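# Summary of the model geometry
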Amino acid sequence: MMKPIKVLMLSLLFGAGAANAAGADAEVVEVYKTPWCGCCTAWVDHLEANGFEVKVHKIEDLAPLKQKLGVPSSLQSCHTAEVGGYTFEGHVPAEDMQRVLKEKPDVQGLAVPGMPIGSPGMETGGEPDRYDVIQFGQKGQSVYSSHVGLREPPSGKH
């Protein structure tokens, strides 16, 4: 028979885990894209395949939003997302977003400037690029992670 203190500790442990999971699941990635961009839609598919809940906002002109969110012009790409108080610009891999949301670094966000071939949503079958994910914020910019793109999405969809 389990001692009452062990039962209490186990229920607290598992209860806290369930609460944390529910809290993480409650945050929705707000994605802003133009209505006609296919690679943006493919990036949303990448996020959903990696467990994110996504709400897409289709707008014609993203420039005012990027300016409002403080995305440096040198880091801009075709879509912008917000979740957990962070801004994600361009084809940022879901794993990097998950890491930021877990570790909560003192940055404004992450960006993949331009549209590197093989980055999530840009798997075109061509020769993939090496690309950097840049963290940006009040302390400036630096490389957060580096990747080699993929020819095709891991699931084979897009």
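Summary of the structure given here. (Residues numbered from 1 in each chain as written. Predicted model: local features only at pLDDT ≥ 70, side-chain atom pairs only at ≥ 80, totals over all residues. Heavy atoms only, no water.)

Nonpolar side chains in soluble globular proteins generally cluster together in the buried interior. V29, V31, L47, F52, F88 and M97 are the most contacted members of the largest nonpolar core, which totals 22 residues. If you list the elements that add at least two residues to this core, you get β1 (28-33), α2 (38-49), β3 (80-83), β4 (86-90), α4 (94-103), β5 (109-112) and β6 (130-137). Here the element with the most residues in this core is α4; it accounts for four residues. Filtering out sequence-adjacent residues up to four positions away, V29 remains in contact with L47, F52, E53, V54, K55, A81, E82, V83 and M97. Ranked by size, the runner-up nonpolar core spans nine residues in total, among them L65, A111, I134 and F136. (Core = buried A, V, L, I, M, F, W, Y, C linked by side-chain atoms within 4.5 Å. Buried < 20%, exposed > 50% of the residue type's maximum accessible area, 1.4 Å probe, protein only. Helix = DSSP H or I, 4+ residues; strand = E, 2+ residues; numbered from the N terminus. Contact = heavy atoms within 4.5 Å.)

Ordered in space as β2-β1-β3-β4-β5-β6-β7, the seven strands form an open sheet in which the pairing is mixed. Looking along the sheet, the strands with just one partner apiece sit at the ends: β2 (53-58) and β7 (140-148). Across this sheet, the average inter-strand angle for adjacent strands is 20°, counted without regard to direction. Where β3 and β4 come together, four bridges link them in antiparallel fashion. (Pairing = 2+ DSSP bridges. Axes fitted to C-alpha atoms, helices over the stretch in contact; angles between N-to-C directions.)

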